[in-house]
Amino acid sequence: KKKNPYATEPRNTDRFAVLGAGFMGAGITEVSINKGMDVVLKDLSEDVVSNAKKGIWKTISKKVKRKQIKETEAKSIIQKAVGQTSFDGFNNVNIVIEAIVENMEVKKNVIKQLEGVCKEDFIFASNTSSLPLTEMSKAAKKPENVVGMHYFSPVPKMPLLEIIKTKKTSEETLSTCYDLGIKQGKTCIVVNDMPGFYVNRILCPYLIEALLMIEEGVSIEDIDGAITKLGMPIGPITLLDEVGIDVGAHVMSGNMADLLKGREGFKINHSMPKMFEAGLHGRKSKKGFYNYSEKKGRLKKSSPNSDVYQYFGNPKSTKINSEEITERAMLMLLNEAVWCLEDNILQNAKDGDIGAVLGVGFLPWSGGPFSYMNLLGIDHIVERMQHYAKIHGSKFNPRPMLIEMAKTGKTF
């Protein structure tokens, strides 16, 4: 993945623009200037731009304290980020990465606005995590220059970049974005435009299954404990707190919900919007599925929040063994990963493995979902899915590709 797979020469990205200086925009800027690129960072608010620059300087200063770089070097790095509230210099860049609010109409308006200030053939790269790029590209005069660059949070720490293409995205656009990703030190996978793309799409059924187990009376700590024991970096319930219950509710009530609700036997849990309305937003509000307390200026998870169960109908407490917890959650994720391969969202199983390990920390010891299925045996996976389908319904039915592979003895 260190080599650009496209034959078309990428455009120059030594200088580019980032629109939106919030958490994601600042993170994209930080990784870029640290790799020697110049970034024009624009936001509507002077304060947001100033805070972004302060945050970036804080992390660069740590390198000086650790004697990793000299102070003169640090100052020349931070000067590579030009913060502003105007569109000055946008006519000199080949690519604009947009990291603003997750709202389709706002993003479409921004495309039209940029067409008035940028080069005629500029690339518009959206850092959306869930909005359809095909729909977004309808607002552009040159839809072949519209692409998704989905960075993961926090950008400086997460190694994956998911590049999303539509049927119209040109090879030059993909080559340029891939090249930029490599320069930023990211590992890139290219996926086709579908709700949730690849990483968020496989996460959704996994997270929903965990929520349904709470509804059945399984405790929050039992679910997280079983999954982390298997080797996930954090449990699914902690993950929802980390991402933010507002974000989780938004993603699961948007086009992901449209994708899932038409499926046979699929049940969606509706607790998160209720939790959000009650002011439980996860870690950032110090209260979500867990309580958080401040220690040495950092928020630490303290105890499960017992108030949460009321949003799940106050179920009677029940115990199920950890193997059942992990199988139910993981099988939903694995089946979805196969579905992504069937739907041609993924170009190959290897991209699926890399995307899941680097995007969500999927059992790193296993090599990724497809390698994990090879390891356990496709016939074993099919047998376990059929077992749970008898108990919990048709949502556990193995995908046709899996059934066929089990019959013929093929592996990924």
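Numbering of residues starts from 1 in every chain and runs along the sequence as written. Two thresholds apply to this predicted model, a pLDDT of at least 70 for residue-level local features and 80 or more for giving and counting side-chain atom pairs, whereas whole-chain, interface and lining totals are computed over all residues. By convention in this description, side-chain values take in all heavy atoms of the structure and omit both hydrogens and water.

Student: Sorry, what's going on with unusual backbone geometry here?
Tutor: Most peptide bonds take the trans configuration, and most residues that are not glycine carry a negative phi. Cis peptide bonds are those with omega within 30 degrees of zero, and the linkage from serine 153 to proline 154 qualifies with -5°. The phi angle at phenylalanine 197 is positive, at roughly 55°, despite the residue not being glycine.

Student: Any chance you could explain helix α9 (residues 236-243) here in plain terms?
Tutor: Because each turn of an α-helix spans 3.6 residues, side chains separated by three or four positions end up pointing in the same direction. Pro236, Ile237, Thr238, Leu240 and Asp241 are the residues of α9 that are buried. Note on definitions: a residue-residue contact is assigned when non-hydrogen atoms from the two residues lie within 4.5 Å. Helix and strand assignments follow DSSP, with helices taken as H or I runs no shorter than four residues and strands as E runs no shorter than two, numbered in order from the N terminus. In the core, the buried residues of α9 are packed alongside α7 (199-215), α8 (220-230), α10 (245-253), α12 (271-277), β9 (290-295) and β10 (298-304). Taken from the residues just after α9, glycine 244 is the one with a positive phi, measuring 110°. Under the scheme applied here, a residue whose accessible area is under 20% of the maximum for its type counts as buried, over 50% as exposed, and between as partly exposed, the area being computed with a 1.4 Å probe on protein chains only.

Student: Is there a simple way to think about the nonpolar core in this case?
Tutor: Counting 96 residues, the largest nonpolar core has Tyr198, Phe289 and Phe362 as its most contacted members. Counting residues per element, this core draws most heavily on α7, which supplies twelve residues. In plain words, nonpolar cores are sets of buried Ala, Val, Leu, Ile, Met, Phe, Trp, Tyr and Cys residues tied together by side-chain atoms within 4.5 Å.

Student: Honestly, the packing of helix α1 (residues 23-33) against helix α2 (residues 46-65) in this entry has me stumped. Any pointers?
Tutor: Relative orientation and spacing of two packed helices are given, respectively, by the angle between their axes and the distance between those axes. Between N-to-C directions, angles cover 0 to 180 degrees, with each direction set by a line fitted to C-alpha atoms, over the stretch in contact for helices. Two numbers describe how α1 lies on α2: the axes approach to 10 Å, and their chain directions differ by 45°. Of the possible angle classes, the one that applies to α1 and α2 is oblique. Between α1 and α2 lies a crossing of right-handed hand. Within the contact between the two elements, α1 uses Ala26, Thr29, Glu30 and Ile33 and α2 uses Ala52, Ile56, Thr59 and Ile60. Asp, Glu, Lys and Arg are counted as charged, while Ala, Val, Leu, Ile, Met, Phe, Trp, Tyr, Cys and Pro are counted as nonpolar; the rest, among them Gly, fall into the polar class. Looking at the contact of α1 with α2 residue by residue, the classes come out as five nonpolar, two polar and one charged. In what follows, roughly perpendicular refers to angles from 65 to 115 degrees, roughly parallel to angles under 35, roughly antiparallel to angles over 145, and oblique to any angle outside these ranges. Here a crossing is called left-handed whenever its near helix is offset anticlockwise from the far helix by less than a right angle, and right-handed whenever the offset is clockwise.

Student: Just checking my understanding: could you explain the sheet that holds strand β5 (residues 123-126) for this structure?
Tutor: Within a sheet, each strand pairs with its neighbour through backbone hydrogen bonds, oriented either parallel or antiparallel. Strands are labelled as partners when DSSP assigns at least two bridges between them. One open sheet holds the eight strands; their spatial order is β3-β2-β1-β4-β5-β6-β7-β8, and the pairing between them is mixed. Each edge of the sheet is formed by a strand with only one pairing partner; in this case those strands are β3 (81-84) and β8 (187-192). On average, adjacent strands in this sheet sit at an angle of 25° to one another, irrespective of strand direction. Looking at chain direction, strand β6 (residues 146-151) and strand β7 (residues 160-165) are connected through four bridges and run antiparallel.

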